[in-house]
Amino acid sequence: MKKKVLLAVAMVCLVAFVGTAYAVTYITIVSGGLGGTYYPLGGVLAEVYNKAGIDVKATSRATSASRENCRLVASGRADVGMSMGSTLYQAYTGTEAFKEDGALPLKILMHMYPAPHHIVTVKGTGITKFEDILGKRVSVGAPGGGDQVLTNMILDAAGINPEKDIKRQQLTQPEGVMALKDGNVDVVFWNFATPGSAVLEVAAVREVVLIPIPEDIVEKVVKKYPFMFPYKIPKGTYPKQNEDVLTVADGNFLVVNKDMDEDLAYKLVKTTIEHREEIMQSIPQASHFVPEEASVAIIPVHPGAARYFKEHGIEVPVE
C-alpha cells in the first residue's frame, strides 16, 4: 500500500515537473490580407516560432492589416501584430484614425522593413533633381491612398502646392507604370518596400531614374512627422542606379501589447532575427531582419526586445 502511495506521489510530482518544464505559450499573430507581404509573412513567422524550440505555439490569421491589428493587440485579442509606422504612431498617440480609441497600450517588438518613398522618372524627361518637378506632369498617387498621403507631406515640406506648382495626376500604381512607360506622365511618387515591382516593370522597357529628396526637406518631413525616418535606397537596387538615393521612409513593424511577458518578447525578437535566412526564402524583405535595422523605433520598444538589442550594443527607447 505504501509503495502504491509513494508511486502515485512520484507520478504526480513528475507530471507537475514536466508540465512546468514544457509549458507552452500560445500566441496569435495578426497580419494582413491576401496579396500583400503581411499575410505570407505571418504564416512564415508562425512556422518559425513553432519549430524553434522556444515553447511557443503560434497561429497566424488574416486581417485588414495595420489599423485592425493595432486594436486587436491593444485589446489582448492578438499577441503580435503587423503595422505601418504611420498607423502605429497614430494608435500610440491616440490621434487621427484613433481619436475615439485614445492612446493604445502598444510597444514595438521590432522594425521589419522600410517602405521608402520613390520618386521615379525616366531618361529623357529632363528631370534630374527634385526641383525639376515644378511645372511637370506629376502623379502624386491615388486619391486617399497611402502614396498620396506621404507625397503630400513631402510636397508640403518643400513648399510645393500640388494644385498650382505641378500638373498633378492622381494615378494608382499600375496606372503610374503604364503612364511612365507610354510617356503620359513625367514623374511618379510611389511608396513601397524595395525592390518595388512597379519600378522594375518600368525599367524593363525604359531607363528609370530615381530622384533624391534634398536633405533639408527630409529633415523637415521627419521633424513634423515622427513616424517617418531618413532612408537611402542602396545603389544597385534598380538597374543603372549607381548611387544611393536619399529619401524618407515609413516603416513596417511587429507590435505587441506593453504588458507582454518580457522573456516572451525577448525570445520572439531573437528567434525572428536569428532565422532571417530561412524567412528570406519566402519573404525577400526579411533581408532587413538585422539588429541595426530591426531596432529602428518611432515609439518605445518593449523591454524584452530592448534587452536583445542591448546585447548587440544598441540602445533603444523603452519609455
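Everything numeric here is computed off the predicted structure, so don't read it as measured data.

A. Molecular detail of empty space enclosed by the protein. By the definition in use, this model includes one cavity of 30 Å³ or more. Residue lining of the largest cavity: His 117, His 118, Ile 119, Leu 210, Ile 211, Ile 213, Ile 233, Val 245, Leu 246 and Thr 247, and that is the complete set. At the level of elements, strand 4 (106–122) and strand 10 (245–257) are the ones that each hand at least two residues to the lining of the largest cavity. A class-by-class count of the residues in the lining of the largest cavity yields seven nonpolar, three polar and no charged.

B. View of the packing of helix 2 (residues 38–51) against helix 9 (residues 262–274). The geometry of helix 2 relative to helix 9 is characterised by a closest axis approach of 10 Å and an angle of 105° between their N-to-C directions. What the angle tells us is that helix 2 and helix 9 run roughly perpendicular. Counting all contacts with helix 2, which are made through Leu 45, Val 48 and Tyr 49, the residues of helix 9 involved are Leu 268, Thr 271 and Thr 272. Residue composition of the contact of helix 2 with helix 9, grouped by class: four nonpolar, two polar and no charged.

C. Region of interest: the packing of aromatic side chains. Inspection of the entire model under this criterion finds five aromatic pairs. Relative to Phe 227, the ring of Tyr 89 has its centre 5.9 Å away and its plane inclined at 50°; by these criteria the two rings are tilted. In this pair, Tyr 89 is assigned in helix 4 (residues 85–93) and Phe 227 in the loop between helix 8 (215–224) and strand 9 (229–233), connecting sequence segments 138 residues apart. Residue class for Phe 227 comes out buried when judged on its relative accessible area of 6%. Taken together, a centroid distance of 6.0 Å and an interplanar angle of 55° make the contact between Tyr 225 and Phe 227 tilted. Here a set of aromatic residues connected by ring pairs shows up, and it is made of Tyr 89, Tyr 225 and Phe 227. Over the ring of Tyr 266 we find Arg 307, and its NZ or CZ is 4.4 Å from the ring centre.

D. Structural context of the nonpolar core. Counting residues in hydrophobic clusters, the biggest one holds 82 residues, and the most contacted among them are Tyr 49, Phe 130, Ile 133 and Phe 309. Apart from the residues lying within four places of it in its own chain, the contact partners of Phe 130 are Ile 119, Ile 154, Leu 155, Ala 158, Ile 160, Phe 189, Ile 211, Pro 212, Pro 214 and Ile 217. The next biggest cluster of nonpolar side chains, apart from the first, holds 21 residues, and it includes Val 208, Phe 229, Ile 233 and Val 245.

Calculation criteria
Throughout this document, residue positions are counted from 1 along each chain, in the order its sequence is written. Where local features are concerned, this predicted model is filtered to residues with pLDDT of at least 70; where side-chain atom pairs are given and counted, the filter is 80 or more; whole-chain, interface and lining totals use all residues. Hydrogens and water molecules were not included; the side-chain quantities draw on all heavy atoms of the structure. In this analysis a 1.4 Å probe is tested at points of a 1 Å grid over the protein atoms alone, and where it fits but cannot get out there is a cavity; an open set with protein on both sides within 12 Å along at least five of seven lines is a pocket; lining residues have an atom within 4 Å of a point. Grid points are joined across faces, edges and corners, and a volume is the space filled by probe spheres set on the points. Numbering of helices and strands starts at the N terminus; helices are DSSP runs of H or I of at least 4 residues and strands are runs of E of at least 2. Under the grouping applied here, Gly and all other residues not named as nonpolar or charged are polar, the nonpolar ones being Ala, Val, Leu, Ile, Met, Phe, Trp, Tyr, Cys and Pro and the charged ones Asp, Glu, Lys and Arg. To define axes, lines are fitted to C-alpha atoms, for helices over the stretch in contact only, and angles between the resulting N-to-C directions are given on a 0 to 180 degree scale. Roughly parallel covers angles under 35 degrees, roughly antiparallel covers those over 145, roughly perpendicular covers 65 to 115, and oblique covers all other angles. Contact definition: two residues touch when any of their heavy atoms are within 4.5 Å. Centres within 6.5 Å make a pair out of two Phe, Tyr or Trp rings, where for Trp the six-membered ring is used; the pair is then stacked when the planes are under 30 degrees apart, edge-to-face when over 60, and tilted otherwise. Buried means the residue's accessible area, taken with a 1.4 Å probe over protein chains only, is under 20% of the maximum for its type, while exposed means over 50%, and partly exposed covers the values in between. Both a distance and an angle decide whether a charge sits over a ring: NZ of Lys or CZ of Arg must be within 6 Å of the ring centre and within 35 degrees of the ring normal. What is meant by a nonpolar core is a set of buried Ala, Val, Leu, Ile, Met, Phe, Trp, Tyr and Cys residues, joined one to another through side-chain atoms within 4.5 Å.

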